[in-house]
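Working through the structure, step by step
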Amino acid sequence: MPCIRVDGNDIFAMYNVTKAAREICLSQSRPILIEAMTYRIGHHSTSDDSTAYRSVDEVNQWDKVENPILRLKKYMIAQDWWSEEKDKDWMKENRRRVIEAFQAAGKKKKPNPELMFGDVYDTLTKNLQQQMQYMKEHVEKYKENYPIDRFNSWKRNRQQYT
């Protein structure tokens, strides 16, 4: 499979490569892999401390200088398409919208935990059936620690897979 390597921190390079890859897919009826070379600012997971294998200065350099969002912002300001004042207002408005969305989401019921088992295989494997049964038994045994009333259709769907 052909591959195109691109600076994944450059929005314009990403746009151009994606456009070119799309054209190849459409005109030649074949796939193409885009390898976007980028930098992960955060840790891989909560159990990963990336300061063990990279310096704080390195991360700060990428966060403050090489950050693709900041690069685009600086470009747009240089083109007089954006300004620090617009950015400040935009950030304030979107912070408000995100907080509203979080508050609205917090009022909704959570998805049924059993859904995590049903979106992998057409038919649940024996292993997944055992894992789901273990989860049900665990939740039942320690129900004081699990607010199942905050989840969608927990009790109704509990019988669905048994």
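To keep things clear, this report deals only with the structure shown in the data block. (Residues numbered from 1 in each chain as written. Predicted model: local features only at pLDDT ≥ 70, side-chain atom pairs only at ≥ 80, totals over all residues. Heavy atoms only, no water.)

**Thoughts on the overall build of the protein**
Rules: Numbering of helices and strands runs from the N terminus; a helix is a DSSP stretch of H or I covering at least four residues, while a strand is a stretch of E covering at least two. For the radius of gyration, the atom set is restricted to C-alpha positions; the globular benchmark scales as 2.2 Å times the number of residues to the power 0.38. Positive residues here are Lys and Arg, negative ones are Asp and Glu, while His and the chain termini are left out of the count. To locate a charge, the coordinates of NZ of Lys, CZ of Arg, CG of Asp or CD of Glu are taken.
Helix and strand counts for the protein stand at six helices and two strands. Computed over its C-alpha atoms, the radius of gyration of the protein comes to 23 Å, more than 25% above the 15 Å expected for a compact globule of 162 residues. Expressed along its principal axes, the backbone C-alpha trace of the protein runs to roughly 60 × 45 × 35 Å. In the protein, the 28 positive side-chain charges and the 24 negative ones have mean positions that sit 7 Å from each other.

**Section: the pairing of strand β1 (residues 3–7)**
What counts, and what does not: Two strands qualify as a pair provided that DSSP identifies no fewer than 2 bridges between them. Here the term right-handed applies to a crossover when the path leading from its first strand over the helix to its second strand runs clockwise, the strands being oriented away from the viewer.
Looking at chain direction, β1 and strand β2 (residues 33–37) are connected through five bridges and run parallel. Bridge assignment links isoleucine 4 to a residue of β2, and that residue is isoleucine 34. Following the backbone out of β1, through helix α1 (residues 11–28) and into the adjacent parallel β2, one traces a crossover that is right-handed.

**Some words on unusual backbone geometry**
To keep it simple, the criterion reads: Only protein chains enter the accessibility calculation, which uses a 1.4 Å probe; a residue is then buried when its area is under 20% of its type maximum, exposed when over 50%, and partly exposed in between.
A positive phi angle, close to 50 degrees, is found at serine 29, a residue other than glycine. Here serine 29 lies in the loop between α1 and β2. Under the relative-accessibility criterion, serine 29 is labelled exposed at 66%. One non-glycine residue, aspartate 80, lies in positive phi territory at about 65 degrees. Relative to the helices and strands, aspartate 80 resides in the loop between α3 (68–78) and α4 (84–107).

**Structural notes on the pattern of salt bridges**
Filter applied, for reference: The salt bridge definition used is simple: a Lys or Arg side-chain nitrogen within 4 Å of an Asp or Glu carboxyl oxygen.
This structure, assessed with the given rule, holds nine salt bridges. Between arginine 71 and aspartate 7 there is a salt bridge; the shortest N-O distance is 3.5 Å. Highlighted residues: arginine 71 in helix α3 and aspartate 7 in strand β1, separated in sequence by 64 residues. The partner of glutamate 114 in a salt bridge is lysine 136, with the nearest N and O atoms 4.0 Å apart. Of the two residues, glutamate 114 sits in the loop between α4 and α5 (126–141) while lysine 136 sits in helix α5, which places them 22 residues apart along the sequence. For the pair glutamate 114 and lysine 136, one class covers both residues: buried. Within this structure, Lys73, Glu84 and Asp87 form a network of salt bridges that share partners.

Distances and angles like these do not, on their own, reveal function.
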